[in-house]
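Residues per chain, in single letters:
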Amino acid sequence: MASLGSLATVPLKAKREGDKNAKSIVFVGLLWFAVLFAVLCLAVLLIDTFLDGRTRLDGNLFTRYTSEVIPETAGARAAILGSALVIVLTAAMAIPLGVAAGIYLEEFADSRRWYNRIIEVNLTNLAAVPAIVYGMLTAGVALSIGLPRRIVLCGAIALALLILPVIILTTREAIRAVPQEIRQGSLALGATPLQTVWRQTLPSAVPGIATGSILALSRALGEAAPLLLLGGLVFVNYDPNGLFSGYTVLPIQIFNWAQQSQLAFQQVASAAIMLMLVLLLIMNTLAIIIRNRYQKRW
Amino acid sequence: MNARIPNRFAALGAAVLLVVLAACGGQDNSSSGGGDSVSGEVVVDGSSTVGPLTSAAGELFGEEQSGVKVSVGTSGTGGGFEKFCVGETDVSDASRPIEDEEIAACKKGGVEYVELQVATDALTVVVSSDNDFIECLTTDELKTLWEPGAEGTITKWSQVNPDFPDETIELFGPGTDSGTFDYFTDVINGEEGASRSDYNASEDDNVLVQGVEGSANALGYFGYTYFEENSDALKAVQIDSGKGCVEPSPETAADGTYTPLSRPLFIYVSKKSYADKPQVAAFVDYYVEQDQNIAEVAKFIALNDEQRSALEGATAELK
């Protein structure tokens, strides 16, 4: 618990400082209003979505495919499995590559070389590129090598490209936070630079890397735009079962349901939104737990 | 101390992976259960208007042939043809006939196809049920309302028809990417894509429904199903194209009296897919055979007798 306290910012304690003039009271009031406003909007949105979708938060949502014939029992089975498969594949591609790139840039690259500096500047820029651009890039590459765009592999590549810069940046931050003394100690005991990275620096940086990666993956989970550009499917009556299988994901399914005319589709869309919020909440909580439990302070 | 941390993470990662794999593994038994005559994939993409109809077809077909995987995308009519003409899809949904550029693209991609009309849509002009002055509009009045020249000048209902009140017009319509927009502007304004642009546009028809519902002076247009689902709060405007006022309905759209706003909905079938993939042939045959039933289930306007025999004739070209 002590470590938790040290992480939090120390409040400004306006009252105790005797800062009681009208201006500062108005200012604090405005800040409170801003907080309340944001939280209130979120609460209204959540409650509204929950009320819309509560009747559909049942087993059908998980076990059935979407249905035009009986929208009342339409489910998100294909989308849930599709999201799981795509995210696992995205993680499998983006995390090793991103972590390796981060280690190289932080521990081995000579930042005085012009090409390393170009890479660094570009990485920061790439992290801010709109998601749809990665969809276009993947679509272009897939088309030129004759790969169908609608398959799991292409979707995962687009999402992996999307989160790669974020993973590289968080890996670098985490590695930079490992004190220099640990590296020097390891090297002084006769370890090679590779052994030092593998056995000392990287293990110490894992909590930071894990936190960053999970947050990046939860962003990928909520992303629809690049996958829509790749021709995301809206009706799938089978479980995705491989790299070359067609698929749909939760955000695309929700987007499609919300646009349909029948009320039943809008209700199931709300239920699926709740499901996705819960998934995202779980992932983000996991990231916070990992950070708080395992992050070390030197 | 350091060595323990990665181990915990490995355990955590393994647990997550296990859960996911178990979830993915569990599915296989259920989907590969049937001992059907055909199996394989049928890939459809195209118009979002036709999408629900083809999805319903795929769903009903899947109940009979559980070995066939049908997937439907809604990249739009143009986006659908783009994939169709390079051979990525077997069937393309379209809310308008194929255009010259797309015909050239298909020729270049070596994709030969057959056009099948599978249903009819009635573009519906709607006002709020609170509106008490519009029952019927002539196509000329619609043109006055929507033509590019109306932008900024036609702002009061009394300018459209002197009998209407002197109230401000509020217009709602689909965005320019929509096939519905293309069709409406073509038949009403005389040129595809020519429209006034000072109206509330949305690609989401539910947004248009809400907009029109909210004001007695609002008018909008979209596909018939969206009117049908909201007929308690909306009123469909009758259309007079010179032969009297006609109400949009499945009957008037099917018998051809609701002109010019009823439009054909198509699927395009690749001849090569039909010949080489038995599952595509089975799906398309089922679609054509059960068309009436599928249209009814998906709440589309079914074909009339004449269109049905045309559909059967066109299907013969595939064989």
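The structure under discussion appears in the preceding block.
Residues numbered from 1 in each chain as written. Chains lettered and ligands numbered in written order. Predicted model: local features only at pLDDT ≥ 70, side-chain atom pairs only at ≥ 80, totals over all residues. Heavy atoms only, no water.

1. Structural notes on the overall build of chain A
Here is step 1: Looking only at helices and strands, one finds twelve helices and one strand in chain A.
Here is step 2: Going residue by residue from the N terminus, the α and β elements of chain A occur as α-α-α-α-α-α-α-α-α-α-β-α-α.
Here is step 3: Overall, the C-alpha framework of chain A stretches about 70 × 65 × 35 Å when taken along its three principal axes.
Here is step 4: Out of the 298 residues in chain A, the part that is buried amounts to 44%.
Here is step 5: Pairs at least 24 apart in sequence give 74% of the contacts found in chain A among residues at least 6 apart.
Here is step 6: On chain A, roughly 15,700 Å² of surface is accessible, and the fraction owed to carbon and sulfur atoms is 69%.
Here is step 7: One way to put it: in chain A the 23 positive side-chain charges average out to a point 6 Å from where the 15 negative ones average out. (Helix = DSSP H or I, 4+ residues; strand = E, 2+ residues; numbered from the N terminus. Buried < 20%, exposed > 50% of the residue type's maximum accessible area, 1.4 Å probe, protein only. Contact = heavy atoms within 4.5 Å. Areas by Shrake-Rupley, 256 points an atom, 1.4 Å probe, with all protein chains shown as cover. Lys, Arg positive; Asp, Glu negative; His and termini not counted. Charge placed at Lys NZ, Arg CZ, Asp CG, Glu CD.)

2. Side note on helix α8 (residues 205-213) of chain B
Here is step 1: Buried residues of α8 of chain B: D205, N206, L208, V209, G211 and V212 of chain B, and no others.
Here is step 2: At the N-terminal end of α8 of chain B, a side-chain oxygen is found 3.0 Å from the backbone nitrogen of N206 of chain B, two or three residues along, and the residue is D204 of chain B. (Polar contact = N/O pair within 3.5 Å; in protein donor to acceptor, adjacent residues only side chain to side chain.)

3. Quick look at the packing of aromatic side chains
Aromatic rings considered in pairs are described by the distance between their centres and by the relative angle of their planes.
Residue and element names in this part refer to chain B.
Here is step 1: Applying the stated criterion across every chain, the model contains 19 aromatic pairs over all chains.
Here is step 2: Seen from their ring centres, F81 and Y268 are 4.9 Å apart, and the 80° between their planes marks the pair as edge-to-face. One end of the pair, F81, is in helix α3 (residues 76-84); the other, Y268, is in strand β13 (residues 262-270), with 187 residues separating them in the sequence. No difference in accessibility class separates F81 from Y268, as the two residues are buried.
Here is step 3: Here Y224 and F227 contribute two aromatic rings whose centre-to-centre distance is 5.8 Å and whose plane-to-plane angle is 55°, an arrangement assigned as tilted. Separated by three residues within a single helix, Y224 and F227 lie in helix α9 (residues 224-229), roughly one turn from each other. In this pair, the class of Y224 matches that of F227, namely buried.
Here is step 4: Through a chain of ring-to-ring contacts, the aromatic side chains of F81, F84, Y113, F266 and Y268 assemble into a single cluster. (Phe/Tyr/Trp six-rings, centres within 6.5 Å; stacked < 30°, edge-to-face > 60°.)

4. Focus: the pairing of strand β4 (residues 113-122) of chain B
Residues and elements named next belong to chain B.
Here is step 1: Most of β4 sits inside the fold, with eight of its ten residues counted as buried.
Here is step 2: Taken together, the nine bridges between β4 and β13 define a ladder with antiparallel strand orientation. When the bridges of β13 are listed, L116 appears paired with I267. (Pairing = 2+ DSSP bridges.)

5. Some details on the sheet that holds strand β11 (residues 238-240) of chain B
Strand pairing in a sheet relies on backbone hydrogen bonds. The paired strands run either parallel or antiparallel.
All names here are of chain B.
Here is step 1: Spatially, β6-β11-β12 is the arrangement adopted by the three strands of the open sheet, whose pairing is mixed. Strands with a single pairing partner mark the edges of an open sheet, and in this sheet they are β6 (136-138) and β12 (245-246).
Here is step 2: Of the strand pairs in this sheet, β11 and β12 are connected by two bridges, and their pairing is antiparallel. Opposite D240, over in β12, you have C245 as the bridge partner.

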